[in-house]
Amino acid sequence: MITLPHYLAIGAILFTLGLIGFLSRRNLIVMFLSAELMLQGVALNLVAFSRFHGNLHGQVFTLFVIAVAACEAGIALALFLMLYRRKRSLDVSVWQALREPGLEEMTDLEPLPAEAKEEPLPQLSPAGIEPAREGRPYV
Amino acid sequence: MHFALVVLSTCGLFLLLGAPFLSAATVIIYAGAIIVTFLFVIMLSQQAGPSGADLRTREPALATATGFVLLATLLVGLQRVYDWRTVDAAIGHAAELARAEKIDPDYLSPAGPLDMNNVGTQPAPPLTDKARRFLDEMRAALDRVRVAAPRGRDDRRLADHRLVLDTEAAINGLEVSGFRFRDEDEVRTDAQKIADNLGRLKAVRDGSAAFDDVVVSPYGVVQPATSREDPGREPNEPRPLPAANVAAVGRTLFADHLLAVELAGTLLLVATVGAIAIAGGRREKAA
């Protein structure tokens, strides 16, 4: 028999996994997905209570949770876009300047592996007659 | 992709729980709209390749420890509320003592039989270890099943039901006398009374027994004992949800939660405007 405490335990496990992911990951998007995972655990709890109480209030509340999660997703992703435009990185530890006063900065023990340098796009010589330039009269 | 799998799994569980509308809504909104939005963001925030930062985690040991502490707290809370095995074991021990033809001498106090004529002046006889454990087990079980009586119409405070008081009196009697009464039948009677009362209180908690005219279901609903909507149903089985789930959800939404609906609509509107305002500015205008 699958009874209420089984569903509540699964909700608790989902919530905990989301919490661990949120606290330990660095990529902004993965952190946000972990937060959504926590919301899924809560939604599961609510729907289980609704089933076992025999009324629909839990399901209605879950609908509101989903609506709020959607709002949160929209605004959070807009913010992530803005943050990316500033620092060209989705790593949350580049924003250490926002930390609370008194906390020490979290630095990597080993430097991150150097990103592969982008090869510059090949510059082709312009076709046609070149315009006159300084030191180079019109040819 | 893992997140999409998790969303699909939870919506499968929603189906099991009798929420088909919610399962469909979850799949559509989460694994549909939100993940598509993610894809757009990932597209717009292209990095030169998998960056090394994704492989490093911040404080993984501390985060995992915190997560496990939280999980342990939640699971222990669930076990305290929903696990009845200790109470069943206690009822079993009390019933066993009541049925025993000869009371196990390990229970009996080494002091002599209680002199009923001058009870007040005698010191309490010492209890053996087994007797002490038995009494502690009974008291713990009583604490689990103790039900405060629901408020009567004229009663302004919650009082302990007389079953609880009777059981407490029996346990205290056994303790004070050190398990030695004038004859062993009284010990057996007391043990039987404890077993019966604990069983009955547990049934009240379960919702399978009435309790001064009301039935307290294990899921928090108090209903009068006489009105039973569906006589074919077990007393402690939850009431079935309406089969027309979408219609019923809509009815509940607009009848009971209208204010919340309006507020949620306003919130969605503000969120949309906010998201466009934050991310919609053109690159030239950005500082």
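Residues numbered from 1 in each chain as written. Chains lettered and ligands numbered in written order. Predicted model: local features only at pLDDT ≥ 70, side-chain atom pairs only at ≥ 80, totals over all residues. Heavy atoms only, no water.

**Some thoughts on the overall build of chain A**
Assigned secondary structure in chain A consists of 3 helices and 0 strands. Reading the helices (α) and strands (β) of chain A from amino to carboxyl end gives α-α-α. Across the 139 residues of chain A, 42% fall into the buried class. Considering only intrachain contacts with a sequence separation of at least 6, the fraction spanning at least 24 residues in chain A is 55%. Per element, the accessible surface of chain A, about 8400 Å² overall, is 64% carbon and sulfur. (Helix = DSSP H or I, 4+ residues; strand = E, 2+ residues; numbered from the N terminus. Buried < 20%, exposed > 50% of the residue type's maximum accessible area, 1.4 Å probe, protein only. Contact = heavy atoms within 4.5 Å. Areas by Shrake-Rupley, 256 points an atom, 1.4 Å probe, with all protein chains shown as cover.)

**Here's the deal with the packing of helix α3 (residues 57-87) of chain A against helix α9 (residues 258-279) of chain B**
Across the interface, α3(A) lies against α9(B) with an axial gap of 9 Å and an inter-helix angle of 10 degrees. By the angle class used here, α3(A) and α9(B) are roughly parallel. Residues Phe64(A), Ala67(A), Val68(A), Cys71(A), Gly74(A), Ile75(A), Ala78(A), Leu79(A), Leu81(A), Met82(A) and Arg85(A) of α3(A) touch α9(B), and the partners they reach there are Ala260(B), Val261(B), Ala264(B), Leu267(B), Leu268(B), Ala271(B), Ala275(B), Ile278(B) and Ala279(B). The class makeup of the residues in the contact of α3(A) with α9(B) is 18 nonpolar, 1 polar and 1 charged. (Axes fitted to C-alpha atoms, helices over the stretch in contact; angles between N-to-C directions. Parallel < 35°, antiparallel > 145°, perpendicular 65-115°, else oblique. Nonpolar A, V, L, I, M, F, W, Y, C, P; charged D, E, K, R; others polar.)

**Thoughts on the confidence of the model for chain B**
Across chain B, pLDDT averages 75, with 68% of residues at or above 70. Considering each helix and strand of chain B separately, the mean pLDDT is smallest for strand β2 (residues 222-224) of chain B, with a value of 60, and largest for α9(B), with 90. (pLDDT = per-residue confidence, 0-100.)

**Here we look at the interface of chain B and chain A**
Contacts between chain B and chain A engage 70 residues on the former and 75 residues on the latter. Taken together, the two surfaces of chain B and chain A that pack against each other cover about 6600 Å², and 75% of this comes from carbon and sulfur. Summed over the shared surface of chain B and chain A, the number is 0 salt bridges. At the junction of chain B with chain A, the criterion picks out 5 residue pairs in polar contact (both at pLDDT 80 or more). Elements with a minimum of two residues in the side of chain B that touches chain A: α1 (2-16), α2 (20-44), α3 (60-82), α8 (245-256) and α9 of chain B. For the side of chain B that touches chain A, the leading source of residues is α3(B), giving 12 residues. (Buried area = accessible area lost by both parts, 1.4 Å probe. Salt bridge = Lys/Arg side-chain N within 4 Å of Asp/Glu carboxyl O. Polar contact = N/O pair within 3.5 Å; in protein donor to acceptor, adjacent residues only side chain to side chain.)

**Focus on the side chain of Arg188(B)**
Structurally, Arg188(B) can be placed in helix α7 (residues 184-206). For Arg188(B), a relative accessible area of 17% gives the class buried.

**Re the environment of Met106(A)**
Tracing the backbone shows Met106(A) in the segment after α3. Through-space distance from the C-alpha of Met106(A) to that of Val94(A) is 9.8 Å; in sequence the pair is 12 residues apart.

**Some remarks on a nonpolar patch on the surface**
Side chains of Val36(B), Phe40(B), Met43(B) and Leu44(B) sit close together on the surface and give an oily, nonpolar patch of about 390 Å² of accessible area. Mapped onto the elements, Leu44(B) comes out in helix α2. (Patch = residues over 30% accessible without salt bridge, like charges linked within 9 Å, V, L, I, M, F, W, Y side chains within 5 Å.)

**Overview of the pattern of salt bridges**
Residue and element names in this part refer to chain A. Throughout the structure, instances matching the rule amount to 1 salt bridge over all chains. A salt bridge links Arg-26 to Asp-91; the shortest N-O distance between them is 3.2 Å. Of the two residues, Arg-26 is situated in the loop between α1 (4-24) and α2 (28-53) and Asp-91 in the segment after α3; the sequence distance between them amounts to 65 residues. Here the two residues Arg-26 and Asp-91 agree in accessibility, since each one is buried.

**Quick notes on α8(B)**
With 12 residues, α8(B) extends 16 Å from end C-alpha to end C-alpha; this agrees with the ideal 16 Å at 1.5 Å per step. Along α8(B), the residues classified as buried are Asn245(B), Ala248(B), Val249(B), Thr252(B) and Leu253(B). Looking straight down α8(B), one finds its buried side chains confined to an arc of 135 degrees; they lie on one side. For α8(B), the exposed residues set more than 90 degrees away from the buried face come down to Val246(B), Arg251(B), Phe254(B) and Ala255(B). Packed against the buried residues of α8(B) are α3 of chain A together with α2 and α9 of chain B. (Expected span 1.5 Å × (residues − 1). Arc of directions from axis to C-beta.)

**What to know about the packing of aromatic side chains**
All names here are of chain A. This model, assessed by the stated rule, comprises 3 aromatic pairs over all chains. On the basis of an interplanar angle of 50 degrees and a centroid distance of 6.2 Å, the ring pair of Tyr-7 and Phe-52 is categorised as tilted. Taken together, the residues Tyr-7 in helix α1 and Phe-52 in helix α2 connect sequence positions 45 residues apart. The exposure class assigned to Tyr-7 is buried, which follows from its relative accessible area of 6%. Overall, the relative accessible area of 8% leaves Phe-52 in the buried class. (Phe/Tyr/Trp six-rings, centres within 6.5 Å; stacked < 30°, edge-to-face > 60°.)

**What about the packing of α1(A) against α1(B)?**
For the pair α1(A) and α1(B), the least separation of the axes is 13 Å and the interaxial angle reads 165 degrees. Here α1(A) is positioned roughly antiparallel relative to α1(B), judged by the angle of their axes. When the axes of α1(A) and α1(B) are compared, the crossing they make is left-handed. Note on element contacts: α1(B) touches α1(A) through Val6(B), Thr10(B), Leu13(B) and Leu16(B), opposite Tyr7(A), Ile10(A) and Leu14(A). (Left-handed = near helix turned anticlockwise from the far one by under 90°.)

**Things to note about the nonpolar core**
With 45 residues, the main nonpolar core has Phe80(A), Phe14(B), Leu17(B), Leu22(B) and Tyr30(B) as its most contacted residues. When contributions to this core are tallied by element, the ones reaching two or more residues are α1, α2 and α3 of chain A together with α1, α2, α8 and α9 of chain B. If you tally residues by element for this core, the top one is α3(A), at 11 residues. When residues no more than four places from it in sequence are discounted, the contact partners of Leu17(B) are Tyr7(A), Leu44(A), Val47(A), Ala48(A), Arg51(A), Phe52(A) and Leu241(B). Core analysis: the next-biggest nonpolar cluster, separate from the first, contains 28 residues, Leu163(B), Ala170(B), Ile194(B) and Leu201(B) among them. (Core = buried A, V, L, I, M, F, W, Y, C linked by side-chain atoms within 4.5 Å.)

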